[in-house]
Each structure stands twice: as structure tokens, then as C-alpha cells.
Amino acid sequence: MKKLINSPDTLVTDALAGMAAAHPSLAVDLENKIIVRAGAPAAGKVGLVSGGGSGHEPLHGGFVGYGMLDAACAGEVFTSPVPDQMLAATLAVNGGAGVVHVVKNYTGDILNFQMAAELAEDEGIEVASVVVNDDVAVQDSLYTAGRRGTGATVFVEKIAGALAERGGSLADVAAVAAEVNERSRSFGVALTSCTVPAAGKPTFDLAEAEIELGIGIHGEPGRTRAALASARDITAIVMDAIAADMPLTGDLLVMVNGMGGTPLIELYGIFNEVHRYLAGPDVRIARNLVGNYITSLEMQGFSVTVCRLTDTLTDLWDAPVDTPGLRWGR
């Protein structure tokens, strides 16, 4: 195992300290392992909190800032944060208008955020929770009951964050977050495993000419293993799976996301194939992202996430955002 780390035990806190040094617009609580917008809470504004295991950067801490999250909780690598972290983040961003929790559908995240919400409500804070479950690859996995939460988390955090920034109510921010999730689907592919530093060896083995279709962001098994094929053929499998679950018509927001170890030249090649696949009179890629947004350490591979836009969702997507991981309009 070759990693640019001091120790597996200090990896997360070292990275959080680096974020604090690199981004003065963030306030990092190393003891609780939470990242908060500097100056929080904003009086009268709905707070937006998310979080999960580390190793998926820039998700979630890289999306804390203007127009997106108010706080993020960082667990150990691929391990859910604990309720005390989530409660500390919720208290830190409570401006009196309530707090929305954006929760990826993994058992640990669900249980811990639920407990944190109950603790926050004991403190008089109204909490609304939205579960992201956009992955069409498998119905149940090693870590979930139901579909996994993956790339749509980025869309939910951006669009809900924009509405919260505009002064939307707790109910409205939670509703738009749920709407984005309902209108989004994802599918991922792995060319290699990743290596969790504490484990010191790859999570799974893939033969040289083998890929995993429908991978999860923690290295969970997918639908099937298959022979390595061309970018066009692999993309067709991905898009067929998404199209089988949701009509791909109208204006779409498309993200081709790298899993951490895939170069941009290959990701743009995949986007070209997605663009070819979606060519037609009744469909248009109206907005897109290409790059690393929700990763799995150094895994080679990619995922595609598609959201069916409305005029309102497009307007909220285009709204200004200023975070380490997304920035436009300011």
C-alpha cells in the first residue's frame, strides 16, 4: 500500500486541518470532525447539514459554503459519523428556522442521523430529514436496505442549498431536496478496487481485463462482473440501466463523476458517449458536471447521474455557489 499519509489513525484529522488552512471561509472543529461555514449560524436561514464516511471527497466537506451546505460531518474512512457529531453540526448551524439533514441511504448514516435529529428536537430544533437513494444498480446491498445514495447527493445539496440561501422555509427546502432525489438516477462502474488505509489491502480483487458493473461508493459489489469493453459499450450499459428506471426526456442535468483514480481525459470521453446516447429531439443535456465529485479513494471507474430538470430546478442549479468543490456565479 502506497499512501501519502502520516498514519491511518490521523488521516481524517490531518485532511480536515488541511481544509481549514486552505479555506478560511470554513470553520473546522477537529475534535468533533465537523466543517461549518464561517459565521454560522445565519439568523432566520434554514440550515443544511450532511455528512458520511470520509474517502468520498469533495463530498461532503468540499460542498460547505455559500449556496450549498452549512455543515458537514466527517466519519472515519467509509464509516458513518456518530450522532454526537451530527448533533454538534446541527446546533452550529441552527439559525432558528430549522435544519434539513441530507442523508445517503446507508444503514449507519440513517440510524445515526435519526438519533441526532431526535437529540436536536430535544433541544428545540425542528429537523427535517431527506434520504438520498438514487442508485439503480441494486435494490439492497451490504450496507443498505433499499437503494444506495450516491451521485444525486451532489444535486440535492446544491439545489436545496440554493433555496435555503434564498430564504426558503424548512418544509420547502426539504421538499425540493426530496424532489431532486426522486427525479435522479445513478449507476457506477469500477475498473479497480480502492485500498482503505486502515485495511492496507484492496477491498476486492478484479482481474486485469475485468470490471464491476453497478459498484457502490464503498467498494460494495454491483450487479455483475464483466469483461473490459470500449467506453462506448460500457456507457451504453450504464445508460440502459438508468433509462430502464426513469424516462430520459426533456432537459437533463448529467454528471459524469470520477471515482478518484480516473483521469479527466477518460471522463470526458465517457461524457461524449453519454452525449451521443442522449441525442434525440425530445431530450437535451441542459446542464452538466464532469470531474471528481463523489469519490471512492483512489478507485478507477466512474458513475453517471441524471436528473430530470424543471424550470425551477434549473434556476436553483444556476444560482450562485461558493464552496471548495463547486463554485460559480459569485
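Note that this is a predicted model, so its numbers are computed, not measured.

Student: Tell me about the packing of helix H4 (residues 152-165) against helix H8 (residues 311-318), residues and numbers included.
Tutor: Running from amino to carboxyl end, H4 crosses H8 at an angle of 90°, the nearest separation of the two axes being 8 Å. Relative to H8, the element H4 is oriented roughly perpendicular. Along the contact surface, H4 presents Phe155, Lys158, Ile159, Ala162 and Leu163, while H8 presents Leu313, Leu316 and Trp317. Of the residues belonging to the contact of H4 with H8, the class tally is seven nonpolar, no polar and one charged.

Student: Describe the environment of leucine 30, naming the residues involved and giving the relevant values.
Tutor: Within the secondary structure, leucine 30 is located in the loop between strand S1 (26-29) and strand S2 (34-37). In this structure the C-alpha to C-alpha distance between leucine 30 and glycine 51, which are 21 residues apart in sequence, comes to 15 Å. Here leucine 30 is in contact with Thr13, Leu16 and Ala17, once residues within four sequence places are set aside.

Student: Got a sec to walk through helix H2 (residues 83-93)? Specific residues and values, please.
Tutor: A large share of H2 lies buried, amounting to eight of its eleven residues. Among all positions in H2, only Pro83, Gln85, Met86, Leu87, Ala88, Ala89, Thr90 and Val93 are buried. Buried residues along H2 sit in contact with S2, strand S3 (47-54), strand S4 (71-77), strand S5 (99-104), helix H3 (107-122) and strand S6 (127-132).

Student: Explain the sheet that holds strand S9 (residues 224-227) to me, and be specific about the residues and the numbers.
Tutor: The strands that make up a sheet are held in pairs by hydrogen bonds between backbone atoms, and each pair lies either parallel or antiparallel. Spatially, S9-S8-S7-S12-S10-S11 is the arrangement adopted by the six strands of the open sheet, whose pairing is mixed. Both edges of this open sheet fall to S9 and strand S11 (283-291), since each of them pairs with a single strand only. Recorded for the sheet is a direction-independent mean angle of 20° between the axes of neighbouring strands. Where strand S7 (residues 184-190) and strand S8 (residues 210-213) come together, two bridges link them in antiparallel fashion. From the neighbouring strand, alanine 190 faces S8, where its bridge partner is glutamate 212. The strands that H8 touches are strand S10 (250-258), S11 and strand S12 (301-308); relative to S11, the one it contacts most, it runs at about 30°.

Student: I'd like a description of unusual backbone geometry, backed by residues and values.
Tutor: Residue proline 41 is bonded to the preceding alanine 40 through a cis peptide linkage, with omega at 0°. The residue proline 41 is located in the loop between S2 and S3 in this model. Cis geometry is adopted by the peptide bond preceding histidine 60, which originates at leucine 59 and carries an omega value of -5°. Position of histidine 60 among the secondary structure elements: in the loop between S3 and S4.

Student: Break down the layout of surface pockets for me, with residues and values.
Tutor: Considering only enclosed or pocket space, the largest pocket measures out at about 470 Å³ in volume. Within the residue set of the lining of the largest pocket, elements represented by two or more residues are helix H1 (11-22), S3 and S4. The dominant element in the lining of the largest pocket, judged by the number of residues it contributes, is H1, at five residues. Among the residues making up the lining of the largest pocket, the classes are represented as 15 nonpolar, eight polar and three charged. Three or more residues apiece are contributed to the lining of the largest pocket by two domains, here domain 1 (11-181) and domain 2 (184-309). Of the pockets and cavities examined, the second largest pocket occupies roughly 180 Å³. As for the second largest pocket, its lining consists of 14 residues, and the residues nearest its centre are Leu191, Ala231, Glu266, Ile270 and Phe302. At the level of elements, helix H6 (231-243), helix H7 (264-277) and S12 are the ones that each hand at least two residues to the lining of the second largest pocket.

What counts, and at which threshold
Residues numbered from 1 in each chain as written. Predicted model: local features only at pLDDT ≥ 70, side-chain atom pairs only at ≥ 80, totals over all residues. Heavy atoms only, no water. Axes fitted to C-alpha atoms, helices over the stretch in contact; angles between N-to-C directions. Helix = DSSP H or I, 4+ residues; strand = E, 2+ residues; numbered from the N terminus. Parallel < 35°, antiparallel > 145°, perpendicular 65-115°, else oblique. Contact = heavy atoms within 4.5 Å. Nonpolar A, V, L, I, M, F, W, Y, C, P; charged D, E, K, R; others polar. Buried < 20%, exposed > 50% of the residue type's maximum accessible area, 1.4 Å probe, protein only. Pairing = 2+ DSSP bridges. 1 Å grid on protein atoms, 1.4 Å probe; cavity = no way out; pocket = protein on both sides within 12 Å on 5 of 7 lines; lining within 4 Å. Points joined across faces, edges and corners; volume = space filled by probe spheres on them. Domains from an automatic or database assignment.

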